[in-house]
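# Architecture at a glance
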Amino acid sequence: MSTPTPAAMKHAASQQGRTPSGQQGRTPSHFPAATPPVSTPFSNAAYAAFSPHGQRSSPQHVKKSPATMGMMGQSTMTSLNFDSPSTAVAMGALVMGNGFDMGLAGVAGLDGVNSAYANEDEKLRRLESIIKMLNEKKGMVSEAGLERLAQRLGMEILAEEHSTPGGRKTKTLAIAGSAIALDIILDNNIVQNATLSYHGNADSVTNHIDAASQILLKDLQLLPGQSPLTKTLERFAINFERLAKLDKLSIIPGLDCHEALSSMYSCLMRLHEWDVEQLRQSSALTGKPDSLIASAAMCTRHGNPVMHERGQVGLALQYWKEARFVAPPAGQGTSGDSKIWSMLLGCAAIDGVGLPPVRVSENWISKDIVKQDEMTDSPIPALDWQEPDHVSLPASEENKDASMDMLQADLSTTRVPRVMFTATFDPPVILPQSEWGRMYNIAGVEPPTDFHRQPPTFDVLFFPVAPGSRQDPSEARTIDAPKQLIHLQADILAKDIGAAIRTSAPAY
């Protein structure tokens, strides 16, 4: 509220009419004038009736008050304006909260108030959309950001404070699950170190845990020239969520999803090494570098399995690369900096019927790789794939919701985990519908029923429709793709101006 100054009070025109009779000999300028209008909530005539001063309001204000007009039997709708959204909501709250029927039907701005407040499903849907929008942003690398991420993933978190020999105080965040734990050391919200540990008994997981720890540390540490204010948790969240998902799907004792994937890696690596040996003996690749032979095995045979590589945590099966006929520079491995196409292998909860459950075994393929007892005329040998035994969970109340019954050949019922293997193309690949259906047939899985009724269109494959929404293929569709542009014209102009100033500067 702006308070009038004494000077303004002296020069303002009087609004009280004639001066009092006892002061008629003096000029009006010698008396304090009436206070000029002040911007207060009750200075407007429309709000005068609601003023806390009661009868102190002037008679003119009382005549124009909506409350007095209502008391005198006059219509209030001609004097009020409900175009303001805040007024509409306030009046709507009065209608529903107090139960008074003020005759506001048809007033602009109040048409959807009752339905918006009365429909609980609509409020829940809006709340879920807000939560989903907030979850898309993982936050910044800090103590609070890491704590929120761990809580969102359902992981246990413990913070401890330590003092360094130099007097500085550091904090250690311990994020733990059922089989893994991540210890992060922060100094003033800057990550100094991160160590991933595995508490299971599988040696195949322990052998790769250091590689995963290095990737997570790199995702959290500042890059050269990077500010702590711009370091986000986006990349770290993608990798750590993959580990946290495997940890939550594990059923201890009985099923360790980390061990299931690491055991599969051992089988796929054994097959890849056999492919490399077969190609090395071929006449077409005689004398070629090992990197080109490995690329040929990746792209023309059964792929190249990798565990925690190329900044990505987890098991991936690489099956294609750019410039596969060009040997990468020395010291950059078999792939170098080329773009790689791969399938990310993971685990997910079974949400349907007829899907095979996950199994833990290092014998997905036999030690000999190929079948020895079959005589075929085909130049391509038949691989000796195996069917490992199912994971049998102990019958308990804890495993009741996380397991399902499976009938064996000997008519015995085995409780298996409600978890399955998944393969995700990275980057995504668009296939013809015939190849798409054949891929599902090879995997022994029924295709989604939605695509049976109506095959997907080309634009839906490129730009998928959000889950839960419906899109008519015959209707027009608008797709927003925001891009962040870097303005280089200002930098070029600044360089030109600087060069001109240096050129025109006098020499002393």
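Figured I'd write up the structure that's included with this text. (Residues numbered from 1 in each chain as written. Predicted model: local features only at pLDDT ≥ 70, side-chain atom pairs only at ≥ 80, totals over all residues. Heavy atoms only, no water.)

## Here's the deal with helix 10 (residues 234-249)
One turn of an α-helix holds 3.6 residues; hence residues three or four places apart share an orientation. Stated formally: Secondary structure elements are taken from DSSP: a helix is a run of H or I of four residues or more, a strand is a run of E of two residues or more, and numbering for both begins at the N terminus. The span one expects for a helix is its residue count, reduced by one, times 1.5 Å. The classification of residues rests on relative accessible area computed with a 1.4 Å probe and restricted to protein chains. Under 20% of the type maximum is buried, over 50% is exposed, and intermediate values are partly exposed.
The first and last C-alpha atoms of helix 10 sit 23 Å apart over 16 residues, in line with the 22 Å expected at 1.5 Å per residue. Of all the positions in helix 10, only F236, A237, N239, F240, L243, A244, L246, D247 and L249 are classed as buried.

## Quick notes on empty space enclosed by the protein
The gaps left among the atoms become clear once a water-sized probe is rolled over them. Where we set the bar: Residues are said to line a cavity or pocket when one of their atoms sits within 4 Å of a point; the points come from a 1 Å grid over protein atoms alone, cavities being sets where a 1.4 Å probe fits but cannot get out and pockets being open sets with protein on both sides within 12 Å along at least five of seven lines. Grid points are joined across faces, edges and corners, and a volume is the space filled by probe spheres set on the points. We call Asp, Glu, Lys and Arg charged. Ala, Val, Leu, Ile, Met, Phe, Trp, Tyr, Cys and Pro are nonpolar, and the rest, Gly among them, are polar.
Inspection of every chain in the model, using the stated rule, returns two cavities of 30 Å³ or more. Estimates place the volume of the largest cavity at around 180 Å³. As for the largest cavity, its lining consists of 19 residues, of which V205, L243, H258, M307 and H308 are closest to the centre. Taken together, the elements giving at least two residues each to the lining of the largest cavity come down to strand 4 (190-198), helix 8 (203-206), helix 9 (209-220), helix 10, helix 11 (257-280), strand 5 (304-309) and strand 6 (312-321). The residue makeup of the lining of the largest cavity, split by class, is twelve nonpolar, six polar and one charged. If you add up the space inside the second largest cavity, you get close to 40 Å³. In this structure, the second largest cavity is lined by V141, N189, I190, V191, L220, L222, P228 and K231. When its residues are assigned to classes, the lining of the second largest cavity shows six nonpolar, one polar and one charged.

## Considerations on the pairing of strand 7 (residues 340-349)
Selection rule: Criterion used throughout: strands pair if DSSP finds at least two bridges between them.
Of all the ten residues making up strand 7, nine are buried; the element is thus mostly covered by neighbouring parts of the structure. Pairing between strand 6 and strand 7: six bridges, direction antiparallel. Paired with W320 across the strands is W341, a residue of strand 7. Note that strand 7 and strand 12 (residues 419-426) share eight bridges and pair antiparallel. Following the sheet pairing, M343 is matched in strand 12 by F425.

## Thoughts on the pairing of strand 2 (residues 169-176)
Pairing between strand 1 (residues 156-163) and strand 2: eight bridges, direction antiparallel. Among the inter-strand pairings, E161 is bridged to a residue of strand 2, identified as K171. Connecting the antiparallel pair strand 1 and strand 2 is a turn made up of five residues, with G167 showing a positive phi of about 100 degrees. Direction of pairing for strand 2 relative to strand 3 (residues 180-187): antiparallel, over a ladder of six bridges. Bridging from a neighbouring strand, I175 pairs with L182 of strand 3. The turn joining strand 2 and strand 3, which pair antiparallel and follow one another in sequence, is formed by three residues.

## Re the environment of V465
Quick note on the threshold: In this description, contact between two residues means that some pair of their heavy atoms is separated by no more than 4.5 Å.
Position of V465 among the secondary structure elements: in the loop between helix 15 (458-462) and helix 16 (489-504). Sequence-distant contacts of V465, defined by excluding residues within four places in its chain, comprise V460, Q471 and R477.

## Describing the sheet that holds strand 3
Pairing between the strands of a sheet is mediated by backbone hydrogen bonds and can be parallel or antiparallel. In plain terms, the rule: Working convention: axes come from line fits to C-alpha atoms, limited for helices to the stretch in contact. Angles between N-to-C directions cover 0 to 180 degrees.
The strand order 1-2-3-4 describes an open sheet built from four strands, whose pairing is antiparallel. Looking at which strands have only one partner, the edges of the open sheet turn out to be strand 1 and strand 4. Averaged over all pairs of adjacent strands, the angle between strand axes in this sheet comes to 15 degrees, irrespective of strand direction. By the bridge criterion, eight bridges tie strand 3 to strand 4 in an arrangement that is antiparallel. Opposite I185, over in strand 4, you have N193 as the bridge partner. Helix-sheet contacts for helix 9 involve strand 3 and strand 4, and the interaxial angle to strand 4 is about 160 degrees.

## What to know about the pattern of salt bridges
A side chain of one charge can pair with a side chain of the opposite charge if their charged atoms are brought near each other. The condition is simple: Salt bridges are counted wherever a side-chain nitrogen of Lys or Arg sits within 4 Å of a carboxyl oxygen of Asp or Glu.
For the coordinates displayed, the defined rule picks out eleven salt bridges. When the shortest N-O distance is used, the salt bridge between K138 and E241 registers 3.2 Å. Residue K138 is found in the loop between helix 6 (120-135) and helix 7 (143-152), and its partner E241 is found in helix 10; the two are separated by 103 residues along the sequence. The class for E241 is partly exposed, based on a relative accessible area of 26%. One salt bridge connects E161 with K169, and the closest N-O pair in it is separated by 3.9 Å. Residues E161 and K169 agree in their burial class; the two are exposed. A network of salt bridges, in which partner residues are shared, links E122, R125 and R126.

## Quick word on the nonpolar core
Which entries qualify depends on this criterion: Nine residue types can take part in a nonpolar core, namely buried Ala, Val, Leu, Ile, Met, Phe, Trp, Tyr and Cys, and a core is a set of them joined through side-chain atoms within 4.5 Å.
In this structure, I184, L220 and F236 are the most contacted members of the largest nonpolar core, which totals 32 residues. Listed by contribution, the elements that provide at least two residues to this core are helix 7, strand 2, strand 3, strand 4, helix 9 and helix 10. Ranked by the residues each element gives to this core, the list is headed by helix 9, at six residues. The contact partners of F236, leaving out residues within four places of it in the chain, are L146, L149, L182, I184, L216, D219 and L220.

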